[in-house]
Amino acid sequence: MQVSRKFYKNLNTANPLLSNVFCADPYGFEYKGRLYIYGTNDNQQYKLVGDSGKNTYEHIKSLVCFSTDDLVNWTYHGVLDVQTLAPFILSSWSPAIVYKKEDDGLDHFYMYFSNNGCGVCVLTSTSPLGPWKSPLNKPLIEVGMAGIEELNNPFGPGVCIDDDGDAWLSFGAGTTKNGTDLYPGTARIVKLGKDMISLASDFVEVKAPYFFEASDLNYINGTYVYNYNNSWVERKEWPYDVEAPAECSMAYLTTKTPLDSASWVYQKHYFLNPGQQGLNYSNNHTHICKFQGTWYILYHTLTLQENTQTNGGFRSICMDKLDIDEEKINIKLSRGTRQGLSPIKNLNAFEKVQATCIFTSADIEYENEIMGSGQIAVKAKESGAWIMIKNVDFGEGAKEIQMELKGSGSLNFRIDKISSKSLAVLEINEKPSLKNINSYETSSARVETPISGIHDVFLLFSDKDLCLKNWNLK
């Protein structure tokens with residue numbers, strides 16, 4: 001069987017996080033031992049305009065979600081169809097999410113996202129994977145509303161909850177009528193109501209020098225931290241004692257009193273444009289988050305696009321460690337890398353592994369990709385497609401592999417190298433029909449030689465349209 005060479009993420013680099021989905025504007029949060037990431041679905045634009053098209057964002061009306069517990073194998077949870085939930089939107093970009101336990105005893109999730117460039121909308125759920133709903137059926141913030149009449153682009157939300165349980169929302173972009181290059185005057189913060197879907201204060205300006213877009217909020221050690229992307233314009237003025245931020249880099253301000261505009265203190269820039277780091281120039285959007293006690297920076301680059309047939313500006317999410325002094329709220333200048341992160345644990349495949357849990361892949365797509373339509377499956381686009389899972393723990397010796405399959409053909413189980421000998425081959429010979437389109441068969445095969453220790457796993461698909469839902473060792 002010829003092995004597909006159509007892989008866009010390398011076998012030995014953890015960045016970008018996903019191997020076959022363009023996505024951007026990341027936001028991550030820890031929940032029950034997993035790191036969940038939501039992002040703008042650049043892939044929707046890419047599928048519509050193709051390799052020769054440009055990423056001009058107007059076709060993006062959905063978000064994507066994926067998660068991990070080891071920081072190298074990412075389980076793709078599919079597409080959140082925002083347009084169906086909120087048909088009043090123009091587009092859906094740059095999500096920001098928080099959750100808290102409500103009076104019903106459940107954790108409630110609140111997702112704020114950009115409605116194109118003209119406002120902020122909110123979705124709610126009692127699970128990070130939905131089902132989501134639109135509680136307002138209209139934008140929470142929009143152009144022309146009282147208090148922000150001068151803002152033409154009130155988008156790009158950030159959100160945080162402080163120690164008192166109060167929630168805060170930031171947003172903004174562009175320049176006001178009286179704004180300048182140094183102080184565009186469009187960064188805003190507002191207190192959210194207890195219901196998280198209303199506003200409980202006036203809008204207050206965050207005086208962010210050379211502000212452009214990509215507001216983000218964190219609450220660290222009793223301090224509110226406002227992160228933002230600054231503009232491309234030349235730094236002709238700079239009244240601060242610290243170094244002026246590089247063009248289109250990420251910078252931050254801090255305060256103890258967010259509704260006191262004068263209290264916000266500019267600190268410094270902490271992340272350069274990817275192009276200044278050897279990762280190709282693009283717009284810039286980061287989120288900083290803590291996972292299992294360690295701080296990380298999420299950002300997007302054009303690195304996945306480098307290995308494809310397009311140069312249309314389709315972005316991909318990356319992740320690296322962040323050096324931050326929580327006591328002094330000092331975010332040190334961080335670098336994006338192609339190498340990315342190392343695994344923080346091994347994968348236990350004696351428990352069922354969802355097929356969309358992948359380090360990298362070649363020539364695969366997804367079935368049931370819309371979130372809520374059923375468990376997503378990996379589907380071969382062509383014969384020779386494969387997926388790779390990193391650092392799989394075979395314990396003292398795995399003797400059998402079991403899979404849920406659909407379609408017709410064989411799935412080859414290999415370790416360490418895609419070119420290695422198949423240790424087991426699982427067969428299925430049932431063509432899908434209208435009656436069994438959503439049914440899978442459980443197939444198992446003995447491993448020729450019991451395998452122990454830690455290995456990378458390759459699952460190689462013999463035929464186009466062969467689908468894999470999950471797998472496990474025995």
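The structure under discussion appears in the preceding block.
None of these values were measured; they are calculated from a predicted model. (Residues numbered from 1 in each chain as written. Predicted model: local features only at pLDDT ≥ 70, side-chain atom pairs only at ≥ 80, totals over all residues. Heavy atoms only, no water.)

### Focus: the side chain of N412
And step 1. Position of N412 relative to the elements: it lies in strand β29 (residues 398-415).
And step 2. For N412, a relative accessible area of 8% translates into the label buried.
And step 3. Within polar-contact distance, the side chain of N412 engages the side chain of S422 at 3.0 Å.
And step 4. Sequence-distant contacts of N412, that is, excluding residues within four places in its chain, are made with M1, S422, A424, V425, F458, L459 and L460. (Helix = DSSP H or I, 4+ residues; strand = E, 2+ residues; numbered from the N terminus. Buried < 20%, exposed > 50% of the residue type's maximum accessible area, 1.4 Å probe, protein only. Polar contact = N/O pair within 3.5 Å; in protein donor to acceptor, adjacent residues only side chain to side chain. Contact = heavy atoms within 4.5 Å.)

### Let's talk about the pattern of salt bridges
And step 1. The final tally for this structure, using the stated rule, is 19 salt bridges.
And step 2. A salt bridge links K390 to D456, with the nearest nitrogen and oxygen atoms 3.8 Å apart. Of this pair, K390 sits in strand β28 (residues 386-393) while D456 sits in strand β32 (residues 454-461), and the two are 66 residues apart along the sequence.
And step 3. The exposure class assigned to D456 is buried, which follows from its relative accessible area of 17%.
And step 4. The partner of E404 in a salt bridge is K469, with the nearest N and O atoms 3.8 Å apart. In this pair, E404 sits in strand β29 while K469 sits in strand β33 (residues 467-473), placing the two residues 65 residues apart along the sequence.
And step 5. Classification of K469 by relative accessible area gives buried; the value is 17%. (Salt bridge = Lys/Arg side-chain N within 4 Å of Asp/Glu carboxyl O.)

### Some remarks on the sheet that holds strand β13 (residues 211-220)
And step 1. Read from one edge of the open sheet, 4 strands run β13-β14-β15-β16, paired in antiparallel fashion. Since the sheet does not close on itself, it has two edges, and those belong to β13 and β16 (265-271), each with one partner. Taken pair by pair, the neighbouring strands of this sheet meet at an average axis angle of 25°, ignoring direction.
And step 2. As judged from the 7 bridges shared by β13 and strand β14 (residues 223-230), these two strands associate in the antiparallel manner. Across the sheet, L217 pairs through a bridge with Y226, a residue of β14. (Pairing = 2+ DSSP bridges. Axes fitted to C-alpha atoms, helices over the stretch in contact; angles between N-to-C directions.)

### Some details on the packing of aromatic side chains
And step 1. Scanning all chains against the criterion turns up 30 aromatic pairs.
And step 2. Measuring from centroid to centroid gives 6.0 Å for Y226 and W264, while their planes differ by 70°, and the two rings are edge-to-face. Remark: W264 occurs in the loop between β15 (250-255) and β16 and Y226 occurs in strand β14; sequence separation between them is 38 residues.
And step 3. Across from the ring centre of F359, 4.3 Å away, lies the NZ or CZ of K9, which sits over that ring. (Phe/Tyr/Trp six-rings, centres within 6.5 Å; stacked < 30°, edge-to-face > 60°. Lys NZ or Arg CZ within 6 Å of the ring centre and 35° of its normal.)

### Thoughts on the sheet that holds strand β12 (residues 204-205)
Within a sheet, neighbouring strands are paired by backbone hydrogen bonds and run either parallel or antiparallel to one another.
And step 1. Taking strand neighbours across the sheet as the criterion, the 4 strands line up as β9-β10-β11-β12 in an open arrangement whose pairing is antiparallel. Looking at the sheet topology across the chains shown, the edges are occupied by β9 (158-161) and β12.
And step 2. Taken together, the 4 bridges between β9 and strand β10 (residues 167-171) define a ladder with antiparallel strand orientation. Bridging across to β10, I161 finds its partner in A167.

### Observations concerning the state of the cysteines
And step 1. A complete count under the given rule lists 0 disulfides for this structure.
And step 2. The thiol of C23 is not disulfide-bonded; the next cysteine sulfur, from C318, is found 9.4 Å away.
And step 3. Classification of C23 by relative accessible area gives buried; the value is 1%. (Disulfide = S-S within 2.5 Å.)

### Structural notes on the pairing of strand β17 (residues 286-291)
It is a general feature of regular strands that their side chains alternate between the two faces of the sheet.
And step 1. With 5 of 6 residues buried, β17 is to be regarded as a mostly interior element.
And step 2. For β17 and strand β18 (residues 294-301), the ladder comprises 6 bridges, and the chain directions are antiparallel. Note that in β18 the partner of H287 across the bridge is L298.
And step 3. Between β17 and β18, which pair antiparallel and follow one another directly, the connecting turn spans 2 residues, one of which, Q292, has a positive phi of 50°.

### Re the side chain of N55
And step 1. By the element assignment, N55 lies in the loop between α1 (42-49) and β3 (63-68).
And step 2. Given a relative accessible area of 7%, N55 falls into the buried group.
And step 3. Looking at N55, its side chain comes within polar contact range of the main-chain oxygen of G313, at 3.1 Å.
And step 4. Contacts of N55, omitting those with residues within four sequence positions, involve D42, Q45, I60, G312, G313, F314 and R315.

### Some details on the nonpolar core
And step 1. Counting 56 residues, the largest nonpolar core has F413, L459, L468 and W471 as the members making the most contacts within it.
And step 2. With 7 residues, β29 is the largest single contributor of residues to this core.
And step 3. By size, the runner-up hydrophobic cluster in this structure holds 37 residues, among which are C65, I89, F109 and W132. (Core = buried A, V, L, I, M, F, W, Y, C linked by side-chain atoms within 4.5 Å.)

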